[in-house]
Amino acid sequence: MDKFIIEGGHELSGTVQISGAKNAALPLMAATLLWPGNYKLRRVPALRDTATFAKVLETTGAVVSLQSDVMRIDTRNCDNAEAPYELVKQMRASFYVLGPLLARFGRCKVSMPGGCNWGPRPIDLHLRVMEALGARIELESGYIIATGSLKGADYTFPISSVGATGNGLMAAVLAQGVTVLGNAAIEPEIVGLGDFLNSLGARIAGLGTRTLTITGVDELQAADVTVIPDRIEAGTFLIAGAMAGREVTISGADPSHLGSVIDHLRQAGVTVDIADSAVTVSRPGAIAPVDITTAPYPGYPTDLQAQWMALMTQAAGPSSVHEEVYHDRFAHVPELTRLGARISLKGNVARISAPTALIAAPVMSTDIRASAAIVLAALVAEGSTEISRVYHIDRGYEAIEQKIAQLGGAITRVSDPA
Ligand code: EPU
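Visitor: Could you give an account of the packing of helix α4 (residues 98-105) against helix α5 (residues 124-132), with specific residues and numbers?
Guide: Two elements in contact, α4 and α5, have axes whose closest approach is 11 Å; the angle formed by their N-to-C orientations is 25°. Judged by the angle between their axes, α4 and α5 are roughly parallel. By crossing handedness, the relation of α4 to α5 is classed as right-handed. Of the residues in α5, those in contact with Leu 98, Gly 99 and Leu 102 of α4 are His 126, Leu 127 and Met 130. Grouping the constituent residues of the contact of α4 with α5 by class yields 4 nonpolar, 2 polar and no charged.

Visitor: Describe the site of the ligand, listing the residues and the values that go with them.
Guide: In the vicinity of the ligand there are 22 residues, among which Asp 124, Ser 161, Asp 303, Val 325 and Tyr 326 approach most closely. In this structure, an oxygen atom belonging to the ligand sits 2.7 Å away from a main-chain N or O atom of Gly 163. Between Arg 369 and the ligand, the recorded distance is 2.8 Å, taken from a side-chain N or O atom to an oxygen atom. Across the complex, the protein chains shield 85% of the 820 Å² of accessible surface that the ligand would expose by itself. Sorting the residues of the shell around the ligand by element identifies α1 (22-31), α5, α6 (162-173) and α12 (368-380) as the ones contributing at least two each. Split into classes, the residues belonging to the shell around the ligand amount to 10 nonpolar, 6 polar and 6 charged.

Visitor: Account for the sheet that holds strand β14 (residues 224-226), with residues named and values stated.
Guide: Spatially, 4 strands are ordered β4-β5-β3-β14 in an open sheet, and the strand pairing comes out mixed. Because the sheet does not close on itself, it has two edges, and the strands there are β4 (63-67) and β14. Going across the sheet, the axis of each strand differs from the next one's by a mean of 15°, ignoring polarity. Where strand β3 (residues 38-42) meets β14, 3 bridges bridge the pair, whose relative direction is parallel. Directly across from Leu 41, in β14, lies its bridge partner Val 225.

Visitor: I'd like a description of the side chain of Arg 104, backed by residues and values.
Guide: Tracing the sequence through the fold places Arg 104 in helix α4. Despite its burial, Arg 104 remains without a salt bridge, the nearest opposite charge being carried by Asp 74 at 7.8 Å. Setting aside residues no more than four positions away along its own chain, Arg 104 makes contact with Leu 33, Leu 34, Trp 35, Pro 36, Thr 75, Arg 76 and Cys 78.

Visitor: Please give an account of the nonpolar core that cites residues and values.
Guide: Residues Met 29, Leu 41, Phe 53, Ile 73, Leu 98, Val 173 and Leu 197 are the most contacted members of the largest nonpolar core, which totals 75 residues. Per element, the largest residue contribution to this core is 7 residues, and it comes from α1. In this structure, Ala 253, Leu 265, Val 279 and Ala 372 belong to the second largest nonpolar core, which totals 69 residues.

Visitor: Mind laying out the environment of Val 178, listing which residues take part and the relevant values?
Guide: Following the sequence through the fold, Val 178 ends up in strand β11 (residues 178-182). For Val 178, a relative accessible area of 44% gives the class partly exposed. Expressed as a C-alpha distance, the spacing of Val 178 and Ala 370, which sit 192 residues apart in the sequence, is 41 Å. When residues no more than four places from it in sequence are discounted, the contact partners of Val 178 are Gly 152, Ala 153, Thr 213, Ile 214 and Thr 215.

Visitor: Tell me about the pairing of strand β23 (residues 384-388), and please be specific about residues and values.
Guide: Consecutive side chains along a regular strand alternate between the two faces of the sheet. Side chains Thr 385 and Ile 387 project from β23 onto a buried face, and the interleaved Ser 384, Glu 386 and Ser 388 project onto a face without burial. Note that strand β1 (residues 3-7) and β23 share 4 bridges and pair antiparallel. Residue pairing across strands places Ile 5 opposite Glu 386, the latter belonging to β23. With respect to chirality, the unit in which strand β22 (residues 362-364) leads through α12 into the neighbouring parallel β23 is right-handed.

Visitor: Can you tell me about the packing of helix α8 (residues 231-244) against helix α9 (residues 259-267), naming the residues and giving the values?
Guide: Where α8 contacts α9, the two axes come as close as 10 Å, and the packing angle between them is 10°. It follows that α8 is roughly parallel to α9 by the angle criterion. Of the residues in α9, those in contact with Leu 238, Ile 239 and Ala 242 of α8 are Val 261, Ile 262 and Leu 265. Each residue belonging to the contact of α8 with α9 can be placed in one class, and the counts come to 6 nonpolar, no polar and no charged.

Visitor: Please provide a residue-by-residue account of α8, values included.
Guide: For an α-helix, 3.6 residues make a turn, and residues three or four places apart therefore share a direction. With 14 residues, α8 ought to run about 20 Å at 1.5 Å a step, and its terminal C-alpha atoms sit 20 Å apart, in line with that. Extensive coverage of α8 is indicated by the burial of 14 of its 14 residues. Between a side-chain oxygen at the N-terminus of α8 and the backbone nitrogen of Ile 232 the separation is 2.9 Å; the capping residue is Asp 230.

Visitor: Provide a residue-level description of α1, including the pertinent values.
Guide: For α1, the buried fraction is high: 9 of the 10 residues fall into the buried class. Buried residues of α1: Lys 22, Ala 24, Ala 25, Leu 26, Pro 27, Leu 28, Met 29, Ala 30 and Ala 31, and no others.

Visitor: Just give me the short version of the side chain of Arg 369, but keep the residues and values in it.
Guide: As for its position among the elements, Arg 369 is in helix α12. Notably, Arg 369 is buried but unbridged: the nearest opposite-charge side chain belongs to Asp 303, and the N-O separation is 4.3 Å. A polar contact is formed between the side chain of Arg 369 and the side chain of Tyr 397, at a distance of 3.2 Å. Once residues within four sequence positions are removed from consideration, Arg 369 is found in contact with Lys 22, Asn 23, Ile 232, Asp 303, Ala 306, Gln 307, Arg 329, Gly 396 and Tyr 397.

Visitor: Lay out empty space enclosed by the protein with the relevant residues and their values.
Guide: Over the atoms a probe the size of a water molecule is rolled, and this reveals where empty space is left. All told, the structure shown has 2 cavities of 30 Å³ or more when counted by the stated rule. Reported here for the largest cavity is a volume of approximately 40 Å³. The set of elements that each furnish at least two residues to the lining of the largest cavity consists of α8, α12 and α14 (400-406). Looking at the lining of the largest cavity element by element, the count peaks at 4 residues for α12. Class assignment for the residues of the lining of the largest cavity results in 8 nonpolar, 1 polar and no charged. For the second largest cavity, the calculated volume is near 30 Å³. Mapped by element, the contributors of at least two residues to the lining of the second largest cavity are α10 (305-312) and α12. Broken down by class, the residue content of the lining of the second largest cavity amounts to 2 nonpolar, 3 polar and 3 charged.

Conventions and cut-offs
- Residues numbered from 1 in each chain as written.
- Predicted model: local features only at pLDDT ≥ 70, side-chain atom pairs only at ≥ 80, totals over all residues.
- Heavy atoms only, no water.
- Axes fitted to C-alpha atoms, helices over the stretch in contact; angles between N-to-C directions.
- Helix = DSSP H or I, 4+ residues; strand = E, 2+ residues; numbered from the N terminus.
- Parallel < 35°, antiparallel > 145°, perpendicular 65-115°, else oblique.
- Left-handed = near helix turned anticlockwise from the far one by under 90°.
- Contact = heavy atoms within 4.5 Å.
- Nonpolar A, V, L, I, M, F, W, Y, C, P; charged D, E, K, R; others polar.
- Near = heavy atom within 4 Å.
- Polar contact = N/O pair within 3.5 Å; in protein donor to acceptor, adjacent residues only side chain to side chain.
- Areas by Shrake-Rupley, 256 points an atom, 1.4 Å probe, with all protein chains shown as cover.
- Pairing = 2+ DSSP bridges.
- Buried < 20%, exposed > 50% of the residue type's maximum accessible area, 1.4 Å probe, protein only.
- Lys, Arg positive; Asp, Glu negative; His and termini not counted.
- Salt bridge = Lys/Arg side-chain N within 4 Å of Asp/Glu carboxyl O.
- Core = buried A, V, L, I, M, F, W, Y, C linked by side-chain atoms within 4.5 Å.
- Right-handed = clockwise from strand over helix to strand, strands pointing away.
- Expected span 1.5 Å × (residues − 1).
- 1 Å grid on protein atoms, 1.4 Å probe; cavity = no way out; pocket = protein on both sides within 12 Å on 5 of 7 lines; lining within 4 Å.
- Points joined across faces, edges and corners; volume = space filled by probe spheres on them.

Next up, the structure:
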């Protein structure tokens, strides 16, 4: 398992190119299962998670290749509507195949994901929306068996769910009749999925609003698509710039997807300049403490909560973090504490005492975003921080060490055979 060694105190400056979004690429990859054909996805990030999802597609019989950032997927000979536990347990997003496999084959077998590093993360809403569309759902030895030919229906999600909206959308595209999904997710990744489905011939109206109306169609045709920029990677580098940078620019981003994080950075006293697809942050004299409360889009993203907490350890006073999407998502707290952060946790609220001088220590990467927070903290800690188990970072950040090094950060990857 690889490690990172980060020597803190090196100022970051320059420009970093943002990759395609992991959480947009995965549902697009799933959507290619809906209809037999040859698909080309551009700007696919080379990540562990996209590689894992490629294996899920290959299990169904798809042929997948990734060359530079172009992924070709041939789903013409898919004949196995199954996603095995070995893959789903590595990455919950594998569950995205439920909707398209069921829609295409009328039957599928998808392993239940099990827990993740910060809590149970249920799948009940994915199953409820399939049942609303007429599927029969059974549980057999840890696998969901879904069967039935789907029919349009009205279903309102009790809470906003990115994954369940995506799955419902893919299932409804080929259902007979009209489906109306209420309280649907409006994240850019879902809009990206819907746009792609429409380019295949689907009839989805209301993308980007809470009500999606899907008129079922009998057939689709394959098409090409470009993945949207990764707003979470972009936000992570903006926060890195605010913490450790003189002037850091992210390019190839979509600033319209970054509203909440930019607003919060400005409240913290960071100068943020926006120009087309680039955003530049200049580090302020002092970082003002700013509380955050995570929320579905367009609120402050839970996927940038850990990174914000790392920033707030350097603020000129105390602040709080309210985690409202995943109440248990605090795996980064003990690791940040090992670096000297002073954080108290009660329920889903963390209180950060600041400013704190962080000091290097051996720490462990636990999940994708927690790991990013640790990397940010290590960039400003005194001394050399060793971060083990960086495969978590590799799940969601493309070549993060190269991008940080390009900005002047002192980071090295060390291969550890242990
Ligand atoms: N929820 C349920 N039942 C369900 C599904 C979700 O109760 O069947 C709850 C969750 O427990 C959570 C809330 O609904 O409290 C929202 O979860 P959502 O379904 O929106 O999350 P997701 O689709 O499983 C995606 C991202 C996550 C990101 C969340 C929230 C992908 C592949 N994953 O997960 O990204 O945190 O939306 O924005 O798109 C990451 O990239 O590190 C990551 C975890």
